[in-house]
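Chains, contacts and geometry: an overview
Listed below are the residues making up each chain.
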Amino acid sequence: MKKAKFALVGLGVMGQNLALNIANKGYPVVVYNRTASVTQEFIARLTNGQSVTSAYSYADLMASLEKPRRIMLMVKAGPAVDAVISEIKPYLEPGDILIDGGNSFFADTERRTAELERDSFLFIGAGVSGGEEGALHGPSIMPGGSLAAWKALQEIFTAAAAKTQDGEPCVDYVGPRGAGHYVKMVHNGIEYAIMQMIAEVYDLLNRGLSLTATELADLFVEWNQGELASYLIEITGEIFKKLDPETGKPLVDVILDEAEQKGTGKWTSQNAFDLGAPTHAINAGVASRILSGMKSQRTVAQKLIDGPSPTFIGDREVLLAACKHALFAGLVLAFTQGFGLMQLASQEYEYALDMQVIAKIWRAGCIIRADLLDDIMQAYGRDPGLLNLLFDEDFNKAVAKRQGALRYVLINAIRMGVPVYALSSALAYFDAYRTERLPANLTQAQRDYFGAHTYRRLDKEGSFHTQW
Ligand code: 6PG
């Protein structure tokens, strides 16, 4: 019987959709799931003779694959990945390729790579972004690990990946070992920042101007036609249109305001602190989700703690226009911080990350896809060693001419008592980064005063301590 070219292990919705995507591109796929009934039900639902076969044991799975075997795991990040690898390993032959397509922590991928390569197996840690729809119709794929394995996967992943309007596949080799999962982690950190900024603008317009869900839908649909064109802006417009079938109210109005998180954004902030990278807006995205989770305390606090009225006093059209420009500046600053972190990580972990390639494969398929990424790709194309996106002339101008709008939005939000942690963090990053003399001199003086931690001077080399 004709051997399958690709195996998919783990038939959650993402795994099923990826298997269908690859099969629909003409590559025979064999699927396996720990629970056989899940496999049976998936196979039973196949239509028009998709070239998907099933295996109910690892032995059968291996026997049905052409060599080198390409086996993609789509299982929950964490111990489950290790468990499946240890189950599969006895059946592998040197040169076989294991791919982890989950949101694994990059340090785990580093460990797994070392373990597997010791036995001459090849390992790819691939970030896969785009959710269930993306998995079926074309995700952004961020493969890292063995270059030889990438070469053996390139054709299939290129066929399966999302394509930009100019037909470019949103997949490319990202770098060695854990590089792919690292880049996916930062993708999610940027995702948190952007989602929080959108939420803050929603809050300001909903409470400040009493915009209804319908008015907000129209606004985000309009914004998605211009500089803010992006997946997250697009789905936000769709979300505001959705009515709750039970109450007839806008569904968003009946959703509990406690944001959950699986952890990838948190990992990004933790790693940024470890590496010493300023990721203000990403950190704000994580922290805002944490505070949103304190609903019961916030309900009590609202009664106990007074604040200003959130009603906006001013020209409605001015605020709406300012919000659009503020959001764009915020997005640029979120990407600036994310790319800055990846540049630092590339040196620290010797990933040799190419920022232009990363921007290129984020242009379609992934959750943070945005027209803006074309410009970021071009900026790094003009200068691969660009120290900071704000040093690119186009981005420098883009934020410079919108900083007034961002300040206007923040001034009003702060006056109205509407929390704008991510947007204000983005501006704080911008204002600190462009300031040569920060008040850290006082921090140094205080540290030396109470801890004799010494300080350096502007006018001469050395470390100094003062008996204050
Ligand atoms: C993607 C998404 C995906 C997942 C998020 C949500 O790129 O397709 O980011 O990875 O839906 O990680 O996770 P949170 O629970 O952390 O928001």
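Refer to the structure above for everything that follows.
Read on for a plain summary of the structure. (Residues numbered from 1 in each chain as written. Predicted model: local features only at pLDDT ≥ 70, side-chain atom pairs only at ≥ 80, totals over all residues. Heavy atoms only, no water.)

1. Let's talk about the packing of helix α8 (residues 179–208) against helix α14 (residues 316–348)
α14 packs onto α8 with a crossing angle of 160° between their chain directions and a minimal axis gap of 10 Å. As summarised for this structure, α8 and α14 are arranged roughly antiparallel, according to the angle between their axes. At the point where α8 passes α14, the crossing takes the right-handed sense. In this structure, α8 uses Tyr-182, Val-183, Val-186, Ile-190, Ala-193, Ile-194, Met-197, Ile-198, Val-201, Leu-204 and Leu-205 to contact α14, whose residues at the interface are Leu-319, Leu-320, Cys-323, Leu-327, Gly-330, Leu-331, Ala-334, Phe-335, Gly-338, Leu-341, Met-342 and Ala-345. Within the contact of α8 with α14, the residues separate by chemical class into 21 nonpolar, 2 polar and no charged. (Axes fitted to C-alpha atoms, helices over the stretch in contact; angles between N-to-C directions. Helix = DSSP H or I, 4+ residues; strand = E, 2+ residues; numbered from the N terminus. Parallel < 35°, antiparallel > 145°, perpendicular 65-115°, else oblique. Left-handed = near helix turned anticlockwise from the far one by under 90°. Contact = heavy atoms within 4.5 Å. Nonpolar A, V, L, I, M, F, W, Y, C, P; charged D, E, K, R; others polar.)

2. Topic: helix α16 (residues 372–382)
Of the residues making up α16, those classed as buried are Leu-372, Leu-373, Ile-376, Met-377, Ala-379 and Tyr-380. Seen end-on, α16 carries its buried residues on one side only, within an arc spanning 160°. For α16, the elements touching its buried residues are α14, α15 (355–361) and α17 (393–400). (Buried < 20%, exposed > 50% of the residue type's maximum accessible area, 1.4 Å probe, protein only. Arc of directions from axis to C-beta.)

3. Things to note about the environment of Gly-138
By secondary structure assignment, the location of Gly-138 is in the loop between α6 (131–137) and β7 (140–145). When sequence neighbours within four positions are dropped, the list of residues in contact with Gly-138 reads Asn-21, Glu-133, Ala-160, Ala-161, Ala-162 and Gly-365.

4. Looking at the site of the ligand
What surrounds the ligand is a group of 15 residues, the closest being Asn-103, Ser-129, Lys-184, Glu-191 and Tyr-192. Here Ser-129 contributes a side-chain N or O atom positioned 2.6 Å from an oxygen atom of the ligand. Measuring from an oxygen atom of the ligand, one finds a side-chain N or O atom of Asn-188 at 2.9 Å. Relative to its unbound accessible surface of 420 Å², the ligand loses 80% to contact with the protein. When residues in the shell around the ligand are grouped by element, the largest group, 5 residues, is from α8. Classifying every residue of the shell around the ligand gives 2 nonpolar, 9 polar and 4 charged. Mapping the shell around the ligand onto the domain boundaries places at least three of its residues in each of domain 1 (6–177) and domain 2 (184–433). (Near = heavy atom within 4 Å. Polar contact = N/O pair within 3.5 Å; in protein donor to acceptor, adjacent residues only side chain to side chain. Areas by Shrake-Rupley, 256 points an atom, 1.4 Å probe, with all protein chains shown as cover. Domains from an automatic or database assignment.)

5. Examining unusual backbone geometry
With omega at -5°, the peptide bond leading from Lys-67 into Pro-68 counts as cis. Position of Pro-68 relative to the elements: it lies in the loop between α3 (58–63) and β4 (70–73). Backbone geometry places Ser-120, a non-glycine residue, at a positive phi of 65°. Relative to the assigned elements, Ser-120 resides in the loop between α5 (106–117) and β6 (122–129). In this structure Ser-120 comes out as partly exposed when scored by relative accessible area, which is 42%.

6. Points about the nonpolar core
Among soluble globular proteins, nonpolar side chains are generally buried collectively. Leu-205, Phe-335 and Trp-362 are the most contacted members of the largest nonpolar core, which has 94 residues in total. At 17 residues, the largest contribution of residues to this core is made by α14. Summarising the domain contributions, this core has at least three residues from each of domain 1 (6–177) and domain 2 (184–433). Formed by 32 residues, the second largest nonpolar core is a distinct cluster that contains Leu-18, Val-52, Ile-97 and Ala-160. (Core = buried A, V, L, I, M, F, W, Y, C linked by side-chain atoms within 4.5 Å.)

7. Here's the deal with the pattern of salt bridges
Enumeration according to the criterion identifies 29 salt bridges in this entry. With its nearest N and O atoms 3.2 Å apart, the salt bridge here joins Glu-93 to Arg-69. Linking Glu-93 in the loop between α4 (79–88) and β5 (97–100) with Arg-69 in the loop between α3 and β4, this pair joins segments that are 24 residues apart in sequence. Judged by relative accessible area, which is 5%, Arg-69 ranks as buried. The partner of Glu-110 in a salt bridge is Arg-177, with the nearest N and O atoms 2.8 Å apart. Of this pair, Glu-110 sits in helix α5 while Arg-177 sits in the loop between α7 (147–160) and α8; the two residues are 67 residues apart in sequence, bridging distant segments of the chain. Within the structure, one salt-bridge network assembled from shared partners comprises Asp-82, Asp-100, Asp-108, Arg-111, Arg-112 and Glu-115. (Salt bridge = Lys/Arg side-chain N within 4 Å of Asp/Glu carboxyl O.)

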